[in-house]
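Remarks on the overall topology
For reference, the chains in residue letters:
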Amino acid sequence: MAIEQDEIEKIAELARIRIADEQIGEVAQRITRILDMVDQLQAADTAGVEPMANPLDAVQLLRADTVTETNRREAFQAIAPAVEDGLYLVPKVID
Amino acid sequence: MQWETVIGLEVHLQLATRSKIFSGSATDFGAEPNTQASAVDLAMPGMLPVLNEQAVRYAVMFGLGIDAHIGMRSVFDRKNYFYPDLPKGYQISQFSDPIVGAGQFEIQLEDGSSKQIGITRAHLEEDAGKSLHEDFHGMSGIDLNRAGTPLLEIVSEPDIRSAAEAVAYLKTLHSLVTYLGISDGNMAEGSMRCDINISLRPMGSEKLGTRAEIKNVNSFRFVERAIRHEFERQADILESGGRIVQETRLYDADRDETRPMRSKEVANDYRYFPEPDLLPVVIDEQYVAEIRKSLPELPADKRQRFIEQHQLSAYDAGVLVDSPALADYYEQVVAACGDAKIAANWVQVELRGQLNKNELAIEASPVSANSLGQLITRILDNSISGKIAKQVFEAMWQGEDSADEIIEARGLKQVSDSGALEAMVDQVIADNAAQVTQFLEADDGKRKKLVGFFVGQVMKVSKGQANPQMVNKLLAEKLK
């Protein structure tokens, strides 16, 4: 299954990855090779086979509803690029 | 053209757990920014989510409360989008296999009728953080305290046909989750947020029109206004031959209008896939059965019981079961005075009137249910009239003593002494000769009305303390 150039642009936009125009062709080829592998998997007959989430049929363990975390804001904010009034600062997201 | 409004609601309900859905951070409202955001909530590398059992339990409680299919094996998925208040770059939600499947519940409308509204599904997910856009030198401030707070997203079928039905739906839902105790339901603090899907179609048509989605409306009043506004906007477009564009709009309460969100704010390709960090959640029949056994009496059942046991009208019963605290209060008053009807009147009119006026919750009422019950007992045994009782209630509300002490101290006891009453009646008859003549000349039908004048005069002379039944009897004997 071949993937088109505009699809690559759209996926890159959604994933916030910048791909130079001259690289798009190569990226498209590589993703197409991956999709070819997916096609092979798709061809396998899976009728009647339950999707497997875990080879040992494990299921999600649940934790009790207790507060176990303490306030570690200072440590976390020490490694943040910009903070003010206890908030993390990021480039403005709306104008 | 007559248009029919078709509405479906998505409610994001904040669950009342102590800790977050996937981490051990606290969920208290109003904490200092980022003091309740752990490494998991901040999406530090290598952090893994662990599911909170209480969130699962609350979701199942809701499912049982709406008679829904419970997902015995539910799956978490990633919903991918970028926004700074979502540090992982995806929200953990449930897509293909939610914990609560199809169900329904009945809503009560103002005109006394009721209607079934279908619930498509309800699923667990995590909340995002909060973005603050003002005053940070051209930057945005991010508070991640709310990130990871458990939400139950409740999706209705497009069964709602008007703003009034939408509000009734939300009130019923609010009442249900408060009874279940799975959420504090505090809309002002964002515990119940609503997205509205709305479209119009010509009356009688079966085909659905193109819908608009209005995001994040957070009060009953705004839901009503947003729907009214959106109805007019869509009707104008359709009537002038235009077409509705499927889009997401924001309700602006200050301007009372909806406007489209900018395309950048709209992520329309979430690329859901199963969350590899969480295994399927499997619950068994025994778990569900135990939860079913622990459920309290739900508002719809309580309402029905009030109608049958206390012989209340559907409307009165609906008002009284609105919150579990109000319903409990009412039943305590009934137990104390023994008269369900008068108790209902007093709780609904006098008590709720004062509570609303003073913006108090029932829990904060200065008059206890027992005290109110005692006051009503004094009306029932003819110690005081209903009118005097209102004065006594007022004094009780102001923090004075019990009903009996107030009645005693102020000398409010009803005058039932026939000698004293007779003297008052005689005086009123003597003072109003003209009205007496008029009365004696009138026919029976008119007399019934005219006698009210004399009763009123006697009540005035007695400062409201005369026993009205006895006054009526005496007047009937004397005005012949």
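Note that this is a predicted model, so its numbers are computed, not measured.

Regarding the interface of chain B and chain A
Facing 38 residues of chain B, the contacting portion of chain A comprises 30 residues. The set of elements that each furnish at least two residues to the side of chain B that touches chain A consists of β2 (51-52), α1 (53-65), β8 (130-136), β9 (139-143) and β16 (281-282) of chain B. A total of five residues in the side of chain B that touches chain A trace back to one element, the largest contributor, which is β9 of chain B. For the side of chain B that touches chain A, the per-class residue count stands at 18 nonpolar, 15 polar and five charged. Of the pairings in the sheet, the one linking strand β1 (residues 62-63) of chain A to β2 of chain B comprises two bridges and is parallel in character.

Focus: the nonpolar core
All names here are of chain B. Counting residues in hydrophobic clusters, the biggest one holds 58 residues, and the most contacted among them are Ala59, Phe62, Leu152, Ala166, Tyr169 and Ile196. The biggest single contributor to this core is helix α2 (residues 163-180), with nine residues. If we skip the residues at most four places from it in the chain, Ile196 touches Ile7, Leu9, Ile214, Val217, Val223, Ala226 and Ile227. Listed in part, the 32 residues of the second largest apolar core include Tyr330, Leu372, Ile406 and Ile407.

Let's talk about the environment of Glu297 of chain B
All names here are of chain B. By the secondary structure assignment, Glu297 is in the loop between α4 (285-294) and α5 (299-309). Residue Glu297 is classed as partly exposed on the basis of its 13 C-beta neighbours within 10 Å. Separated by 27 residues in sequence, Glu297 and Pro324 place their C-alpha atoms 9.3 Å apart.

Structural notes on the packing of helix α9 (residues 369-380) of chain B against helix α10 (residues 386-397) of chain B
All names here are of chain B. Where α9 contacts α10, the two axes come as close as 10 Å, and the packing angle between them is 160°. When the axes of α9 and α10 are compared, the pair comes out roughly antiparallel. Note that α9 runs across α10; the crossing there is right-handed. Of α10, the residues touching α9 (which contributes Ser371, Leu375, Arg378 and Ile379) are Gly386, Ala389, Val392, Phe393 and Met396. Tallied by class, residues from the contact of α9 with α10 come to six nonpolar, two polar and one charged.

With respect to the domain arrangement of chain B
Accessible area lost upon the coming together of the parts is a frequently used measure of interface size. All names here are of chain B. When the domains of chain B are assigned, the result is domain 1 (3-290), domain 2 (297-410) and domain 3 (418-478). Its C-alpha centre places domain 2 at a distance of 32 Å from the equivalent point of domain 3. Taken together, the contact between domain 2 and domain 3 spans four residues of the former and four residues of the latter.

Parameters at a glance
- Throughout, a residue's number is its position along its own chain's written sequence, starting from 1.
- Chains carry letters and ligands carry numbers; both start at the beginning, A for chains and 1 for ligands, and go up in the order they are written.
- Where totals are concerned, whole chains, interfaces and linings use all residues; where local detail is concerned, this predicted model gives features only for residues with pLDDT of at least 70, and gives and counts side-chain atom pairs only at 80 or more.
- Any pair of residues counts as being in contact when their C-beta atoms, constructed from backbone geometry, are within 7 Å of one another.
- Elements are defined by DSSP. Helices are runs of H or I of four residues or more, strands are runs of E of two residues or more, and each kind is numbered from the N terminus.
- For this classification, Asp, Glu, Lys and Arg are treated as charged, while Ala, Val, Leu, Ile, Met, Phe, Trp, Tyr, Cys and Pro are nonpolar and the rest, including Gly, are polar.
- Pairs of strands are assigned from DSSP output, requiring at least two bridges between the strands.
- As used throughout, a nonpolar core is a set of buried Ala, Val, Leu, Ile, Met, Phe, Trp, Tyr and Cys residues joined through C-beta atoms within 7 Å of each other.
- Exposure classification rests on a simple neighbour count of other C-beta atoms within 10 Å of a residue's own: a residue reaching 20 or more is buried, one at 12 or fewer is exposed, and one in between is partly exposed. C-beta atoms are placed from the backbone.
- Between N-to-C directions, angles span 0 to 180 degrees; the directions come from axes that are lines fitted to C-alpha atoms, helices contributing only their stretch in contact.
- Angle categories: roughly parallel below 35 degrees, roughly antiparallel above 145, roughly perpendicular from 65 to 115, and oblique for all the rest.
- The crossing is said to be left-handed when, going from far helix to near helix, the turn is anticlockwise and less than a right angle, and right-handed when the turn is clockwise.
- Marked domain ranges trace back to an automatic or database domain assignment.

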